Every structure is written in C-alpha cells, then in structure tokens.
Amino acid sequence: HRDHLEELVANRTAELAAVNQQNVRLFEEEQQQRQAAELALRETELLYRVGNVLAKTVDLRVGLEQVLGEYLITLGLNYGSITLIDADRQAGELWALVLDGQLKPTGQQKSNLSPAYQRVIETKESLTIDKPVKNSLLADNQTLIQRYKIKSLLMTPLLSRDQVIGLLEAAAIDEQYH
C-alpha cells in the first residue's frame, strides 16, 4: 500500500511540475506581449507628436529640430542629428543637431556620406552600431566619435515615397567622460 501512495505522490508532483512549467511559459509570453504593446504605444505616441509638430510648423528646419527633440526624448538620449540627403545621394546637409540635450546651430554644413550612411540609404533600414570607435563603417567619423565618447549609434532612414531623403541619428555617450 505504501508503494501505491509513493507512486501517487510522485505522479501528482510530476503533474504539478508540468503545470508550473506551463504557468511560467504563459507568464513569460504575457510579459513579452505587454512589452511589445508598450513599445507599440510609445511608437504611436511618438508618431502622433511628430505629426503634430510637422502639421503646425511652416519652417522645415524648425520642424526637423522639434522632431529630433521628440525622438531623443522618447529614446532617453541627449545626442542626435538629422541630415538631409542631396538628390545625387553622395552628400548630406546637417539640418538639426542636439548635443548634451541642447539644440545647436547647424549653418549650412554639407559633407560626404559615410559608409554607414550609405548602408542605411541602400537598405532603407535602421542601423545600430555598438562600439563605433572600432567600426570600419565610421572610419571617417572617428574624431567626433572620440570627442563625444560615443558608445553606440542608431541611424534611421527618413523615407518619402519609398526613397531615403535623410537620416535621423541618435547617439548614446559614455556618461563617465561627460
């Protein structure tokens, strides 16, 4: 009779372990779904704020500066820029710049596009670069990367009618140097 009880206890323990594993899996799935919903909500809120800014702005430069500000606030970053691409797709002009959370004047700064920018233009997809100091796509930008102690970059294409017209860039810096 004792063997039968031990077998029942072992079976019930195995059933409870299986139920527990299923509950853990369901909980993890629910957490992932909640995180995805929160991300979608933040993205929707950002798009609403950007659309609102652009609808109220007559001056393109002012509008792009405000869009950059909203983008950086959403990401929790203090460094970023917007560069618009020339029609020949070989050069870009800096239209909005935020350094250390402050909007900076850009003037008419034109420059050749780095290989990283070229990749974003070709793929029409965002590019994340960790450790940009060691990245060959940013070889031409090493002076700025080192000056601002940039530890990662996010480059996002600005599209109009499926054509890249510019790049939105956000940078995370190494706070210990700032």
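Here the structure is shown first, and the text comes after it.
This structure is a prediction, so every number in the text was calculated from the model and none was measured. (Residues numbered from 1 in each chain as written. Predicted model: local features only at pLDDT ≥ 70, side-chain atom pairs only at ≥ 80, totals over all residues. Heavy atoms only, no water.)

**Considering the overall build of the protein**
Here is step 1 of the chain: The number of helices and strands found in the protein is four helices and seven strands.
Here is step 2 of the chain: Its helices and strands in sequence order give the protein the pattern α-α-β-β-β-β-α-β-α-β-β, from N to C terminus.
Here is step 3 of the chain: Taking all 178 residues of the protein together, the buried fraction comes to 32%.
Here is step 4 of the chain: At a minimum sequence separation of 6, the contacts of the protein that also span at least 24 residues come to 44%.
Here is step 5 of the chain: When the accessible area of the protein is evaluated, it comes to approximately 12000 Å², of which 52% is carbon and sulfur surface. (Helix = DSSP H or I, 4+ residues; strand = E, 2+ residues; numbered from the N terminus. Buried < 20%, exposed > 50% of the residue type's maximum accessible area, 1.4 Å probe, protein only. Contact = heavy atoms within 4.5 Å. Areas by Shrake-Rupley, 256 points an atom, 1.4 Å probe, with all protein chains shown as cover.)

**Points about the side chain of Glu65**
Here is step 1 of the chain: Positionally, Glu65 belongs in helix H2 (residues 60-75).
Here is step 2 of the chain: Despite its burial, Glu65 remains without a salt bridge, the nearest opposite charge being carried by Arg61 at 5.4 Å.
Here is step 3 of the chain: Other than its neighbours up to four places away in sequence, Glu65 contacts Trp95, Ala96 and Leu103. (Lys, Arg positive; Asp, Glu negative; His and termini not counted. Salt bridge = Lys/Arg side-chain N within 4 Å of Asp/Glu carboxyl O.)

**So, unusual backbone geometry**
Here is step 1 of the chain: A positive phi is found at Lys124, a non-glycine position, where the angle reads about 60°.
Here is step 2 of the chain: A residue is classified by how much of its surface remains accessible, and Lys124, at 28% relative accessible area, is partly exposed.

**Focus on the layout of surface pockets**
Here is step 1 of the chain: Its boundaries defined by the atoms lining it, the largest pocket holds a volume of some 680 Å³.
Here is step 2 of the chain: Lining the largest pocket are 30 residues; nearest its centre among them are Ser81, Tyr117, Asn141, Leu144 and Glu169.
Here is step 3 of the chain: Ranked by the residues each element gives to the lining of the largest pocket, the list is headed by strand E2 (residues 91-99), at six residues.
Here is step 4 of the chain: Residues of the lining of the largest pocket, tallied by class, amount to 16 nonpolar, nine polar and five charged. (1 Å grid on protein atoms, 1.4 Å probe; cavity = no way out; pocket = protein on both sides within 12 Å on 5 of 7 lines; lining within 4 Å. Points joined across faces, edges and corners; volume = space filled by probe spheres on them. Nonpolar A, V, L, I, M, F, W, Y, C, P; charged D, E, K, R; others polar.)

**Considering helix H3 (residues 115-123)**
Here is step 1 of the chain: Within the sequence span of H3, burial applies to Ala116, Tyr117, Val120 and Ile121. Burial along H3 is one-sided: seen end-on, the buried residues are contained in an arc of 140°.
Here is step 2 of the chain: On its buried face, H3 is in contact with strand E1 (79-85), strand E5 (127-130), strand E6 (150-160) and strand E7 (163-173). (Arc of directions from axis to C-beta.)

**Let's talk about the packing of aromatic side chains**
When we look at a pair of aromatic rings, we describe it by the centre distance and by the angle of the planes.
Here is step 1 of the chain: Considering all chains together, one arrives at zero aromatic pairs under this definition.
Here is step 2 of the chain: Over the ring of Trp95 we find Arg61, and its NZ or CZ is 4.3 Å from the ring centre. (Phe/Tyr/Trp six-rings, centres within 6.5 Å; stacked < 30°, edge-to-face > 60°. Lys NZ or Arg CZ within 6 Å of the ring centre and 35° of its normal.)

**A look at H2**
Here is step 1 of the chain: Taking 1.5 Å of rise per residue, 16 residues should cover 22 Å, and H2 covers 22 Å from first to last C-alpha, within 8% of that figure.
Here is step 2 of the chain: For H2, the full list of buried residues reads Arg61, Gly63, Leu64, Glu65, Val67, Leu68, Tyr71 and Leu72.
Here is step 3 of the chain: Residue Asp59 occupies the N-cap position of H2, its side-chain oxygen lying 2.9 Å from the main-chain nitrogen of Arg61.
Here is step 4 of the chain: Positive phi appears at Gly76, one or two residues downstream of H2, with a value of about 75°. (Expected span 1.5 Å × (residues − 1). Polar contact = N/O pair within 3.5 Å; in protein donor to acceptor, adjacent residues only side chain to side chain.)

**What to know about the environment of Asp130**
Here is step 1 of the chain: When you line up the elements, Asp130 lands in strand E5.
Here is step 2 of the chain: The spacing of Asp130 and Ala172 is 42 residues in sequence and 9.5 Å in space, taken between C-alpha atoms.

**Thoughts on the pairing of E2**
Here is step 1 of the chain: Among the nine residues that make up E2, nine are buried, leaving the element largely enclosed by the rest of the structure.
Here is step 2 of the chain: With six bridges connecting them, E1 and E2 associate as antiparallel partners. Within E2, the residue paired with Thr83 across the bridge is Leu94.
Here is step 3 of the chain: In textbook terms, the turn of a hairpin is the stretch between consecutive antiparallel strands, and for E1 and E2 this stretch comprises five residues, one of which, Arg89, has a positive phi near 60°.
Here is step 4 of the chain: Relative to strand E4 (residues 110-112), E2 is paired through three bridges, and the arrangement is antiparallel. Considered in E4, the bridge of Glu93 is made with Lys110.
Here is step 5 of the chain: Pairing geometry for E2 and strand E3 (residues 102-104), over three bridges, is antiparallel. Within the sheet, the bridge partner assigned to Leu99 lies in E3 and is Gln102.
Here is step 6 of the chain: Linking E2 to E3, which pair antiparallel, is a turn of two residues; within it Asp100 sits at a positive phi near 50°. (Pairing = 2+ DSSP bridges.)

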